Amino acid sequence: MSIPLEHDYIGLSEAPSMERASDKISSASSSTISSESEKSTALNLRETELRLGLPGSESPERKPQLGVSLFGKDLEDKTNGYSLGSLKGFVSGAKRGFSDAIDGSGKWVFSVNGGSEVDLGKGAVLFSPRGGNGVKPLGGLDNNSAQKSCMPGPAMKDVAAPSSPKPVQEKKPQASAANEHASAPAAKAQVVGWPPIRSFRKNTMASSAKNNEDAEGKSGLGCLYVKVSMDGAPYLRKVDLKTYCNYMELSSALEKMFSCFTIGQCGSHGLPGRDGLTESHLMDLLHGSEYVLTYEDKDGDWMLVGDVPWEMFTESCKRLRIMKGSEAIGLAPRAMEKCKNRN
Amino acid sequence: MGYSFPEEVLEHVLSFIDSDSDRNSVSLVCKSWHDIERWCRRRLFVGNCYAVSPAIAIRRFPELRSVSLKGKPHFADFNLVPHEWGGYAYPWIAAFAEAYPWLEELRLKRMVVSDEALELIAKKFKNFRVLVMYSCEGFSTDGLATIAANCRNLKELDLSESEVDDVSENWLCQFPDSYTSLESLNITSLSSEIRFSGLERLVGRCPNLKTLKLSHSVPLDLLPNLLQKAPQLVELGSGLHTKEVHPDLYSKLAGAFSGCKGLKRLCGLWDVVPSYLPTLYPICFGLTSLNLSDAPIQCPELIKLVSQCQNLQRLWVLDYIEDTGLNALAESCKDLRELRVFPSDPFGQEPNVSLTEQGLVSVSAGCPKLHSVLYFCRRMSNVALSTIARNRPNLTRFRLCIIERFCPDYITLEPLDVGFGAIVEHCKDLKRLSLSGLLTDRVFEYIGSHGKKLEMLSLAFAGDSDLGLHHVLSGCKSLRKLEIRDCPFGDKALLENAAKLETMRSLWMSACQVSYRACKLLGQKMPRLNVEVIAEQGHPDLSPDEYPVEKLYIYRTVSGPRSDMPSFVWTMDKNPALRSS
């Protein structure tokens with residue numbers, strides 16, 4: 001049944017079911033379409049099919065002879081977008097719903113013959129979905145491809161909008177499915193760039209006191225950048241904690257990064273082998289117990305690196321500092337205490 | 001030239017003429033005026049960096065001191081323009097480095113600026129004074145360090161909303177100790193920590209510093225010191241965040257704010273602790289601009305704050321302000337000119353605050369000078385829009401974003417055509433309009449017939465057919481920028497109104513229904529347009545011509561197709577002989 005639906009726009013009898021396809025949230029399987037077709041008959045969505053008339057040559061009533069029905073259907077005068085009375089909010093939505101139907105494969109296209117006057121009234125099928133049969137889900141809206149166009153989305157919402165009881169029940173699933181997404185009804189797929197908020201603002205809000213877990217660190221999902229400063233070094237570095245699995249990897253990376261800053265030494269390598277990570281070990285790593293690796297945690301306290309399990313560390317570390325051993329003396333007790341309190 | 005009107009006199013007269021459009025008119029009077037004018041023009045604004053090449057600009061205006069350039073289309077703000085699309089500043093800066101050694105000001109918007117470009121600025125322009133990079137990207141703090149180290153006469157450094165690669169916290173310290181000319185610094189977008197001592201010293205030695213907009217990382221403890229060193233500040237952007245409320249800090253801050261008698265504009269306030277807000281009360285009366293759009297302040301505190309700002313002209317705020325807060329605003333701030341209300345939870349399914357169309361209606365009723373509105377909300381009605389239109393016929397900018405797409409009038413469930421129609425009908429000076437909600441072609445009919453002064457129109461998920469687009473293109477005489485996403489507009493309207501496109505700066509259409517064939521046709525027929533097809537999914541030649549293109553960007557240009565396009569952008573050929581279609 002899907003094949004006729006996708007190709008035969010002239011099949012007027014199919015109209016209701018096709019239009020109702022706007023309800024389809026799954027990947028436009030024809031069975032879904034037909035099963036819901038009954039619901040739409042009462043709404044007579046055919047009346048609101050999308051038309052492509054000549055600009056300027058169309059009267060608002062969209063006389064059929066001027067309008068080229070996108071779907072090659074009959075071009076009788078039907079309710080158009082202007083008579084809002086009859087179908088209320090359904091009007092435009094229904095149109096879109098109709099095109100949704102055609103958009104079964106998610107790839108429908110309509111073509112207008114170049115810039116020439118369209119052969120109106122031919123009722124020819126103006127477009128054919130790409131690939132014919134394959135009823136593909138549109139996938140996330142992130143593609144934003146023209147093939148998906150705006151049709152699907154609107155249909156969802158529009159159909160839900162009017163107060164008639166049927167759509168209301170479906171409202172949530174539809175609204176949540178955004179653009180014909182083949183997803184579960186509950187999840188609302190985000191449309192790229194909607195609402196139109198500057199991404200800059202989004203990032204700012206995400207990091208503001210909205211109780212957003214700082215898990216994203218400073219650079220968004222998937223990485224956890226923290227600053228690393230070293231006493232005496234002229235500038236900071238940044239490391240992505242997610243790229244390391246344990247303290248050893250982190251410390252060796254830091255060692256490479258900061259080796260050139262070691263006072264009086266450049267390119268020190270060949271540090272003792274590391275079996276585990278103890279406080280003294282860290283000191284060894286950092287060029288002869290002169291420096292200690294510390295971090296600032298979410299509460300703003302400075303702690304010695306290595307005291308807590310790695311995962312706990314990455315979750316709470318906001319920034320790293322390689323400080324002089326003499327300054328780090330006061331840290332140890334606090335760190336221990338804090339760990340105790342946590343556990 | 002049959003008269004002896006000395007050029008110098010004309011030049012002197014022209015020096016009083018600043019407006020670009022006036023100068024353009026002057027240059028059309030006669031050849032000699034054209035010549036004189038071009039030699040004495042000092043400022044240039046290029047609204048689309050691809051509309052003209054650097055070479056052409058330099059050839060026409062050999063003595064520029066100040067240039068503004070805009071790169072990416074506006075929809076880049078919403079991630080609709082693929083990364084790597086273009087908008088590179090380097091070619092311009094490199095050309096200017098040769099042609100304008102005395103260039104003083106560069107203002108870039110939505111452009112890609114590399115560290116190399118910044119280095120050129122730093123080294124080649126001896127009297128460089130103003131660098132504004134609004135919503136730019138591609139550079140790091142290393143580039144900023146070069147600017148700081150070399151631009152001895154820098155007055156203004158503004159990085160609003162730009163993405164900066166923070167690789168060093170030290171760049172501010174690159175301003176030499178002898179450097180004292182800073183007047184305006186905006187480093188809000190930097191997420192890094194800066195060397196605070198460097199900042200304090202910088203602020204302390206620049207007596208003309210008027211604008212200081214800092215980033216999140218400046219701790220509250222530092223603020224009183226900064227303010228005391230710069231009591232002449234007019235504009236401040238800062239957080240008011242602290243983990244604990246110290247009584248000392250509070251009084252220090254309150255004292256410092258009181259000392260800033262000239263403070264007129266305030267922004268930032270990320271993570272503000274409500275108990276610190278009263279430190280601002282002394283300056284509220286003098287504030288003309290308040291940007292709380294990053295501040296998670298709730299309604300009661302907002303009301304307390306805003307009610308004291310009787311001279312407020314501009315308010316940007318989150319929807320925490322709610323209808324009650326906007327009512328208070330309408331009562332207290334009679335001088336309000338611009339209101340922007342941003343959503344605190346734009347992706348939430350349900351409203352999290354009690355902000356509706358009523359808030360906007362109140363403000364429209366209570367603030368007679370309100371002319372610029374950006375409003376995010378979750379419901380709207382035709383009645384409310386009509387009321388707003390009647391209340392405020394002086395609106396020049398009206399951008400409404402109903403968060404849920406295709407949202408109808410919540411009372412009647414009809415489309416919002418009539419409401420927006422009222423806006424364009426009553427607000428005869430409307431220059432900028434953004435639509436949302438459920439909209440049919442009818443709204444475009446209204447816009448086409450009434451929006452005669454409309455210059456910029458943004459459409460999303462609206463309309464039914466090409467007729468909608470046709471109404472806009474044929475009716476809006478002043479239209480310069482049209483940006484459309486996810487609307488059922490296709491070939492007919494575009495091809496019928498092809499000539500209109502040459503009178504506009506640009507047209508953006510994404511997820512619409514313009515076929516590849518139409519794009520090719522347009523490219524061939526309109527040689528003075530660049531018809532750029534963006535197709536990340538693959539070359540449009542691989543699909544039938546009838547298929548719609550993903551994204552389309554059309555703009556007029558005197559420089560022909562650009563040469564820096566990424567692999568997914570194609571300019572439609574202007575020479576039909578080269579193409580077989």
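Quick notes on the rules
- Residues numbered from 1 in each chain as written.
- Chains lettered and ligands numbered in written order.
- Predicted model: local features only at pLDDT ≥ 70, side-chain atom pairs only at ≥ 80, totals over all residues.
- Heavy atoms only, no water.
- Helix = DSSP H or I, 4+ residues; strand = E, 2+ residues; numbered from the N terminus.
- Buried < 20%, exposed > 50% of the residue type's maximum accessible area, 1.4 Å probe, protein only.
- Contact = heavy atoms within 4.5 Å.
- Areas by Shrake-Rupley, 256 points an atom, 1.4 Å probe, with all protein chains shown as cover.
- 1 Å grid on protein atoms, 1.4 Å probe; cavity = no way out; pocket = protein on both sides within 12 Å on 5 of 7 lines; lining within 4 Å.
- Points joined across faces, edges and corners; volume = space filled by probe spheres on them.
- Nonpolar A, V, L, I, M, F, W, Y, C, P; charged D, E, K, R; others polar.
- pLDDT = per-residue confidence, 0-100.
- Axes fitted to C-alpha atoms, helices over the stretch in contact; angles between N-to-C directions.
- Parallel < 35°, antiparallel > 145°, perpendicular 65-115°, else oblique.
- Core = buried A, V, L, I, M, F, W, Y, C linked by side-chain atoms within 4.5 Å.
- Pairing = 2+ DSSP bridges.

Draft legend 1. Layout of the overall build of chain A. The helix and strand inventory of chain A stands at 12 helices and seven strands. Here chain A holds 343 residues, and 54% of them are scored as buried. Within chain A, counting contacts between residues at least 6 apart in sequence, those at least 24 apart form 59% of the total. A total of about 13800 Å² of accessible surface is found on chain A, and carbon and sulfur atoms cover 53% of it.

Draft legend 2. Seen up close, the overall build of chain B. What chain B contains, in helices and strands, is 21 helices and 23 strands. When each of the 581 residues of chain B is scored for burial, the buried share is 62%. Considering only intrachain contacts with a sequence separation of at least 6, the fraction spanning at least 24 residues in chain B is 71%. A total of about 21100 Å² of accessible surface is found on chain B, and carbon and sulfur atoms cover 51% of it.

Draft legend 3. View of empty space enclosed by the protein. Applying the stated rule across the entire model yields five cavities of 30 Å³ or more. Approximately 50 Å³ is the volume attributed to the second largest cavity. A per-class count over the lining of the second largest cavity returns six nonpolar, one polar and two charged.

Draft legend 4. Structural context of the confidence of the model for chain A. Residue and element names in this part refer to chain A. The predicted model of chain A has a mean per-residue pLDDT of 51, with 22% of residues at 70 or higher. When the elements of chain A are averaged for pLDDT, helix 4 (residues 84–87) gives the smallest value, 36, and helix 11 (residues 310–316) the largest, 85. Residue range residues 1–187 is modelled with pLDDT below 50. Its contacts to residues more than four positions away, or to other chains, number 431 contacts. Segment residues 203–222: pLDDT under 50, and 34 contacts once partners within four positions in sequence are set aside and those in other chains are kept.

Draft legend 5. Structural detail: the environment of Leu-430 of chain B. Residue and element names in this part refer to chain B. Tracing the chain through its elements places Leu-430 in the loop between helix 16 (417–426) and strand 17 (432–434). Classification of Leu-430 by relative accessible area gives buried; the value is 3%. Setting aside anything within four residues of it in sequence, one finds Leu-430 in contact with Leu-395, Thr-396, Arg-397, Phe-398, Ile-423, Val-424, Lys-453 and Leu-454.

Draft legend 6. Quick peek at the confidence of the model for chain B. The pLDDT averaged across chain B works out to 93; a share of 97% of its residues lies at or above 70. Scoring the predicted complex yields pTM 0.69 and, for the interface, ipTM 0.86.

Draft legend 7. Spotlight on the packing of helix 17 (residues 441–450) of chain B against helix 18 (residues 466–475) of chain B. Residues and elements named next belong to chain B. Two elements in contact, helix 17 and helix 18, have axes separated by 8 Å at closest approach and are oriented at 5°. As summarised for this structure, helix 17 and helix 18 are arranged roughly parallel, according to the angle between their axes. Judged by residue contacts, Asp-441, Phe-444, Glu-445 and Gly-448 of helix 17 engage Leu-467, Gly-468, His-471, Val-472 and Gly-475 from helix 18.

Draft legend 8. How the structure looks around the environment of Thr-211 of chain B. All names here are of chain B. Along the chain, Thr-211 turns up in strand 9 (residues 211–213). Sequence separation of Thr-211 and Leu-182 is 29 residues, and the distance between their C-alpha atoms is 9.2 Å. For Thr-211, the contacting residues outside a window of four places in its chain are Glu-183, Ser-184, Leu-185, Leu-233, Glu-235 and Arg-265.

Draft legend 9. Summary view of the nonpolar core. Counting residues in each nonpolar core, the largest one holds 199 residues, and the members touching the most others are Phe-398, Leu-482 and Leu-494 of chain B. Contact partners of Leu-494 of chain B, with chain neighbours within four places excluded, come to Leu-469, Leu-473, Leu-501, Leu-507, Met-509, Val-514, Leu-522, Leu-552 and Ile-554 of chain B. Judged by nonpolar contacts, the second largest core, of 24 residues, contains Val-239, Ala-253, Tyr-295 and Cys-317 of chain A.

Draft legend 10. A look at the sheet that holds strand 6 (residues 302–304) of chain A. All names here are of chain A. Across the sheet, which stays open at both edges, the five strands sit in the order 4-3-7-5-6 with mixed pairing between neighbours. In this open sheet, the two edge strands, each paired with only one partner strand, are strand 4 (237–240) and strand 6. Averaged over all pairs of adjacent strands, the angle between their axes in this sheet comes to 30°, without regard to strand direction. In the sheet, strand 5 (residues 291–297) pairs with strand 7 (residues 317–324) via seven bridges, with the strands oriented antiparallel. If you follow Val-292 over to strand 7, its bridge partner there is Met-323. Across the sheet, helix 9 (residues 247–258) lies against strand 3 (225–230), strand 4, strand 5 and strand 7, angled at about 155° from strand 4, the strand it touches most.

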